[in-house]
Amino acid sequence: MTSVQAQHALPSYLNAEDLGPWGVYLQQIDRVTPHLGSLSRWVETLKRPKRILTVDVPIERDDGTIAHYEGYRVQHNMSRGPGKGGVRFHQDVTLSEVMALSAWMTVKNAAVNVPYGGAKGGIRVDPKTLSRGELQRLTRRYTSEISLIIGPNKDIPAPDVNTNEQVMAWMMDSYAMIEGNLSTGVVTGKPISLGGSLGRREATGRGVFVVGREAAAKRGVAIAGARVAVQGFGNVGGVAATMFADAGSKVIAVQDHTGTVVNQGGLDIPRLHKHVAEVGSVSGFPGAEAFLDRDAFWDVESDILIPAALEQQITAANAPRIRTKIILEGANGPTTPEADDILTDKDVLIVPDVLANAGGVTVSYFEWVQDFSSFFWTEEEINARLTRIMQDAFNAVWTVAQEKKVTLRTATFILACTRVLQAREVRGLYP
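Residues numbered from 1 in each chain as written. Predicted model: local features only at pLDDT ≥ 70, side-chain atom pairs only at ≥ 80, totals over all residues. Heavy atoms only, no water.

- In the nomenclature of an unreviewed UniProt entry, the protein chain corresponds to Glutamate dehydrogenase from the organism Duganella rivi.
- According to UniProt, the comment filed for the protein chain under the heading Sequence similarities (unreviewed entry) is "Belongs to the Glu/Leu/Phe/Val dehydrogenases family." (UniProt positions renumbered as here; feature names shortened; annotations may be inferred.)

Okay, here's the thing in structure tokens:
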């Protein structure tokens, strides 16, 4: 029996021998509990999702066969407002993963103080195996299956891994057909033509850059000339890489699913974006000095490391090899608790996912507000408001960390969980 199993009453629907990402989240809650004071009597609330919906998603394939896919929507906690969180399409999606992601959304929303609870959704499917028509049918059927628990005042989905503006447009339209009226606020991350917000696509990567700049200032690392390594070159890693490069940093390494490109003098990021758009990966990029295998990425020395791919990438196995000063978690849950401890002992400053990548949900909040008012802001206004919120959130977390002598992750959880449990306590239990 693991320590996590021994401390928690585990639900029957999870594998007690391998709790996956949910087990990581439980360990994080255990670390924050001693700092919650009288609110700790409510802490079990954080260890149990409010609602879990598992759905069958059948579609007719282009060849006439019927295929069934497993889908989820988890609402972790809604004490502070409607659920908010993305939908991912990935062949390795599990209930444990979606539960953990929904819980991290609860913490993330509270950390930046937007009035949402945490939710998340997913379908176990490799979207690369589907045609555009099949992907649309899958999205619409999934939306119909979860429609009873989503809505602009209930739970608002958004893009995540392998989903995008088009998927959100299909979800919005499907919900409109079911409800009989158009409600643009049912999803965020939509196309601009359907009530989407300017700046939303770049928001997560921009938020990573903003908190990275704040963290660098605290650590005495100059952004100009800083060596930056990025894992993942999608919507988060790609945008963050561009912003760091524009600020004078040298992005010396980028890893994707094919391997790692390295140039100690700094990769040409606009050229790399163009290469990836043309060939689908960083492999073969002519501006690289070297092309290494994926695992070799962790051996590249840097000043700032940005894991912006999937969860549990930095583990006890590779953490000892990492040589960097600051880690900015662009992905959700990229670092295991064991790796956290190893890196902290090495004096690596880790800006946790629930703070570092909160720019996306912050601008999703802006989008939601704009949809309700039917009044839209300029991109300059959006970016300025995002920057202010991210800076304020980072500085509030930094203050807690210094006062309590804890890591930024634990400090973020202290701040966020206090806000969530205060709301839970003052609302009370019904009935």
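There's more to say after this.
Let's talk about the overall build of the protein chain
Then step 1. The helix and strand inventory of the protein chain stands at 13 helices and 12 strands.
Then step 2. Scaling as 2.2 N^0.38, a compact globule of 431 residues should have a C-alpha radius of gyration of about 22 Å, and the protein chain matches this with 21 Å.
Then step 3. Each principal axis of the C-alpha atoms in the protein chain carries an extent, and together these give about 55 × 55 × 50 Å.
Then step 4. Burial statistics for the protein chain: of 431 residues in total, 58% are counted as buried.
Then step 5. Counted over contacts in the protein chain with a minimum sequence separation of 6, partners at least 24 positions apart contribute 68%.
Then step 6. For the protein chain, the exposed surface amounts to about 17100 Å²; the carbon and sulfur share of it is 50%.
Then step 7. Charge-centre separation for the protein chain: the mean point of 44 positive side chains lies 5 Å from the mean point of 47 negative side chains. (Helix = DSSP H or I, 4+ residues; strand = E, 2+ residues; numbered from the N terminus. Rg over C-alpha atoms; globule rule 2.2 N^0.38 Å. Buried < 20%, exposed > 50% of the residue type's maximum accessible area, 1.4 Å probe, protein only. Contact = heavy atoms within 4.5 Å. Areas by Shrake-Rupley, 256 points an atom, 1.4 Å probe, with all protein chains shown as cover. Lys, Arg positive; Asp, Glu negative; His and termini not counted. Charge placed at Lys NZ, Arg CZ, Asp CG, Glu CD.)

Examining the sheet that holds strand 3 (residues 83-90)
Then step 1. Spatial ordering of the open sheet is given by 1-2-4-3-5, a layout of five strands whose pairing is mixed. Two strands lie at the open edges of the sheet, namely strand 1 (51-60) and strand 5 (155-159), each paired on one side alone. Taking the axes of each pair of neighbouring strands and ignoring which way they run, one obtains an average angle of 25 degrees across the sheet.
Then step 2. On the sheet, helix 4 (residues 132-146) packs against strand 1, strand 2 (66-77), strand 3 and strand 4 (117-124) and is oriented at approximately 145 degrees with respect to strand 1. (Pairing = 2+ DSSP bridges. Axes fitted to C-alpha atoms, helices over the stretch in contact; angles between N-to-C directions.)

Some thoughts on the nonpolar core
Then step 1. Tyr25, Val254, Ile304, Ile306, Val351 and Phe413 are the most contacted members of the largest nonpolar core, which has 93 residues in total.
Then step 2. Broken down by element, this core gets its largest block of residues, 11 residues, from helix 3 (residues 95-111).
Then step 3. Residue contacts for Val351: discarding those within four places in its chain leaves Val211, Ala215, Ile327, Leu328, Glu329, Ala356, Phe394 and Leu408.
Then step 4. Counting residues in each nonpolar core, the second largest holds 25 residues, with Phe89, Ile123, Leu138 and Ile146 among its members. (Core = buried A, V, L, I, M, F, W, Y, C linked by side-chain atoms within 4.5 Å.)

Remarks on the domain arrangement of the protein chain
Accessible area lost during the coming together of the parts is what is often quoted as the interface size.
Then step 1. One can read the domain layout of the protein chain as domain 1 (47-181) and domain 2 (202-356).
Then step 2. Each of domain 1 and domain 2 has a C-alpha centre, and these two points are 28 Å apart.
Then step 3. Contact residues are listed per partner, giving 11 residues for domain 1 and six residues for domain 2.
Then step 4. Both faces combined, the contact of domain 1 with domain 2 buries some 740 Å², and carbon together with sulfur accounts for 59% of it.
Then step 5. Here domain 1 and domain 2 share one salt bridge between them.
Then step 6. With a closest N to O distance of 3.3 Å, Arg88 and Glu311 form a salt bridge.
Then step 7. Looking at the side of domain 1 that touches domain 2, the elements with two or more residues in it are strand 3 and helix 3. (Domains from an automatic or database assignment. Buried area = accessible area lost by both parts, 1.4 Å probe. Salt bridge = Lys/Arg side-chain N within 4 Å of Asp/Glu carboxyl O.)

So, the packing of helix 2 (residues 21-32) against helix 9 (residues 337-345)
Then step 1. Close contact between helix 2 and helix 9 brings their axes to 10 Å; oriented N to C, the two are set at 55 degrees. Of the possible angle classes, the one that applies to helix 2 and helix 9 is oblique. Residues Val24, Gln27 and Arg31 of helix 2 form the contact with helix 9, whose own contacting residues are Pro337, Glu338 and Asp341. (Parallel < 35°, antiparallel > 145°, perpendicular 65-115°, else oblique.)

Describing unusual backbone geometry
Then step 1. For the peptide bond that leads from Tyr430 to Pro431, omega is 0 degrees, which places it in the cis range.
Then step 2. Within the fold, Pro431 resides in the segment after helix 13 (408-427).
Then step 3. Of note, the phi angle at Asp347 is positive, near 65 degrees, even though the residue is not glycine.
Then step 4. Position of Asp347 relative to the elements: it lies in the loop between helix 9 and strand 12 (349-351).
Then step 5. On the basis of relative accessible area, Asp347 is assigned to the exposed category, the value being 52%.

Here's the deal with the side chain of Ser79
Then step 1. Examined against the element boundaries, Ser79 turns out to sit in the loop between strand 2 and strand 3.
Then step 2. Here Ser79 is in contact with Val420, Ala423, Arg424 and Arg427, once residues within four sequence places are set aside.

Some words on the packing of aromatic side chains
Then step 1. Taken as a whole, this structure holds 10 aromatic pairs when the rule is applied.
Then step 2. When the centroid spacing of 5.9 Å and the interplanar angle of 90 degrees are considered together, the rings of Tyr116 and Tyr365 count as edge-to-face. With a gap of 249 residues between them, Tyr116 in the loop between helix 3 and strand 4 and Tyr365 in helix 11 (residues 359-373) connect regions that are remote in the sequence.
Then step 3. With a relative accessible area of 22%, Tyr365 lands in the partly exposed category.
Then step 4. Measuring from ring centre to ring centre gives 6.2 Å for Tyr365 and Trp368, while their planes differ by 40 degrees; the resulting arrangement is tilted. (Phe/Tyr/Trp six-rings, centres within 6.5 Å; stacked < 30°, edge-to-face > 60°.)

Comments concerning the environment of Ser364
Then step 1. Note that Ser364 resides in helix 11.
Then step 2. Residue classification places Ser364 among the buried positions, given a relative accessible area of 1%.
Then step 3. Placed 144 residues apart in sequence, Ser364 and Gly220 show a C-alpha to C-alpha distance of 32 Å.
Then step 4. Those residues in contact with Ser364 that lie beyond four places of it in its chain are Lys84, Tyr116, Ala158, Thr188 and Arg200.
Then step 5. Within the local environment of Ser364, its side chain forms a polar contact with the side chain of Thr188, the two groups lying 2.9 Å apart. (Polar contact = N/O pair within 3.5 Å; in protein donor to acceptor, adjacent residues only side chain to side chain.)

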